[in-house]
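Below, each chain spelled out in residue letters.
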Amino acid sequence: MTRPPVKFLVSALALVLITHSAEAQQPPNQPKAKVRVATAEMTEIAPTLNVPGTVVSLQNSRLAAETSAAVDWVAEVGTQVKKGATVAQLNKRLLQLELVNSAADIKRIKAQLDFRTKDVTRLKKLLTNQTIAESRYDEAISQESVLEQELAQAGARHDRIKYLLEKSEIKAPADGWVVERYISAGEYVTAGAPVVRFVDTVNSEITVQAPLDLLPNITAGMEITVANGNQLVTTRIRAIIPVGDNASRMAEIRLENPGRKWAIGTAVRVSLPNAETRKVLAVPRDALIIRAGQSYIYKIAQDGKAERINIRSGVTSATRIEVTGHLTQGDQVVTRGGETLRPGQEVEVLPLS
């Protein structure tokens, strides 16, 4: 019997050892990956153009004095106030003196008017008895009418002084903050001059300067996507001001408050449609995975395993993105858990929470 060469035996033994080692190192069957899925659907999406926007207050006011007076007190910058709270106090002394003088004028005119009214009554009786000339009665009537007008003027002056006394306390028109002072206590302010800048930080909206050629594609009430860093929300167009600036050829668009606590002045990105909508195959934005310059998604194959599909992305909406690749309407795509998946891995689909 011929023995095998020694070199052959060594090679066979090495192959057995390598195979055994590889089997020992193979990991046990991996558990199913837990994922959430959604359906690829045909939907209408319009190509968009990202334009800058700014969160602005609906009440950003320079509160002014309605009377000329010395300033007794002004709220500090950074003071948070409620609607109707005093933010500045003007000196009231001169107005209070004018109010006393006005009240005295009213009493004086009323006394004269009472006397003249009684005199007219007496003269009317004498005229009936033909003991006085009619011209004297007419003169009394005229004087009574003049006093009535003087009383009305005095009453208007009195009301005006009372109004100015009330307005000597400059009050907040809404809940908000004092963000700037234009005058300090002890200075003299004239009627119409600004005293403080007040900003309502609760009621806000977004203003956008958009190119005029976008206006045919947008309408009031249309849903629009707004991004602030990684935050992405959907809001509506409140108003379109269809008047362009001669220099920039831009028009202003106002969007409703998206319900986020974004500070006044926050810069945001607004996606406005720049063409008509078209029907595309789209998946949720969360399904898209971008790694090493490649875009792909995982779909659930019929055998319940993850299948990697390379795709090209297109137009986007607030929640979905157009995809082009080996994907058809109705396919189940992974929206959560895809970052750790490997092609061919079995998955367990979690119910929607």
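Nothing here was measured: the structure is a model prediction, and the numbers come from that model. (Residues numbered from 1 in each chain as written. Predicted model: local features only at pLDDT ≥ 70, side-chain atom pairs only at ≥ 80, totals over all residues. Heavy atoms only, no water.)

**Q** Would you mind going over helix H2 (residues 93-128) with me for this structure?
**A** Think of an α-helix as 3.6 residues a turn; residues three or four steps apart then line up on the same face. Over its 36 residues, H2 extends 53 Å from the first C-alpha to the last, a length consistent with the 52 Å expected when each residue adds 1.5 Å. Residues of H2 that are buried: Leu95, Ser102, Ile106, Ile109, Leu113, Arg116, Asp119, Val120 and Leu123. Structurally, H2 contributes buried residues whose contacts are with helix H3 (134-167). Count one or two residues on from H2 and you reach glutamine 130, which has phi positive near 60°. (Helix = DSSP H or I, 4+ residues; strand = E, 2+ residues; numbered from the N terminus. Expected span 1.5 Å × (residues − 1). Buried < 20%, exposed > 50% of the residue type's maximum accessible area, 1.4 Å probe, protein only. Contact = heavy atoms within 4.5 Å.)

**Q** Any chance you could explain the pattern of salt bridges here in plain terms?
**A** Opposite charge on two side chains allows them to pair when their charged atoms are near. A full pass over the atoms with the stated rule returns eleven salt bridges. Glutamate 252 is the salt-bridge partner of arginine 254, the closest N and O atoms lying 2.7 Å from each other. Between arginine 278 and glutamate 322 there is a salt bridge, and its shortest N-O distance comes to 3.3 Å. Of this pair, arginine 278 sits in strand S17 (residues 278-284) while glutamate 322 sits in strand S21 (residues 320-325), and the two are 44 residues apart along the sequence. The exposure class assigned to glutamate 322 is buried, which follows from its relative accessible area of 12%. (Salt bridge = Lys/Arg side-chain N within 4 Å of Asp/Glu carboxyl O.)

**Q** I'm lost on the sheet that holds strand S11 (residues 194-199) in this one. Help?
**A** Strands in a sheet are paired, the pairing made by backbone hydrogen bonds, and the direction either parallel or antiparallel. Ordered in space as S4-S11-S9-S6, the four strands form an open sheet in which the pairing is antiparallel. In this open sheet, the two edge strands, each paired with only one partner strand, are strand S4 (60-64) and strand S6 (80-81). Where strand S9 (residues 176-181) and S11 come together, four bridges link them in antiparallel fashion. Bridged to glutamate 180 within S11 is arginine 197. (Pairing = 2+ DSSP bridges.)

**Q** What is the right way to read the packing of aromatic side chains from this model?
**A** The geometry of an aromatic ring pair is captured by the separation of the ring centres together with the interplanar angle, meaning the angle of the planes. Inspection of every chain in the model, using the stated rule, returns one aromatic pair. Considering the side-chain rings of tyrosine 296 and tyrosine 298, the 5.9 Å spacing of their centres and the 90° angle between planes classify their relative orientation as edge-to-face. Summarising the burial analysis for this pair, tyrosine 296 and tyrosine 298 share the class buried. Over the ring of tyrosine 296 we find arginine 308, and its NZ or CZ is 3.7 Å from the ring centre. (Phe/Tyr/Trp six-rings, centres within 6.5 Å; stacked < 30°, edge-to-face > 60°. Lys NZ or Arg CZ within 6 Å of the ring centre and 35° of its normal.)

Functional significance is not addressed by these values, which are geometric in nature.
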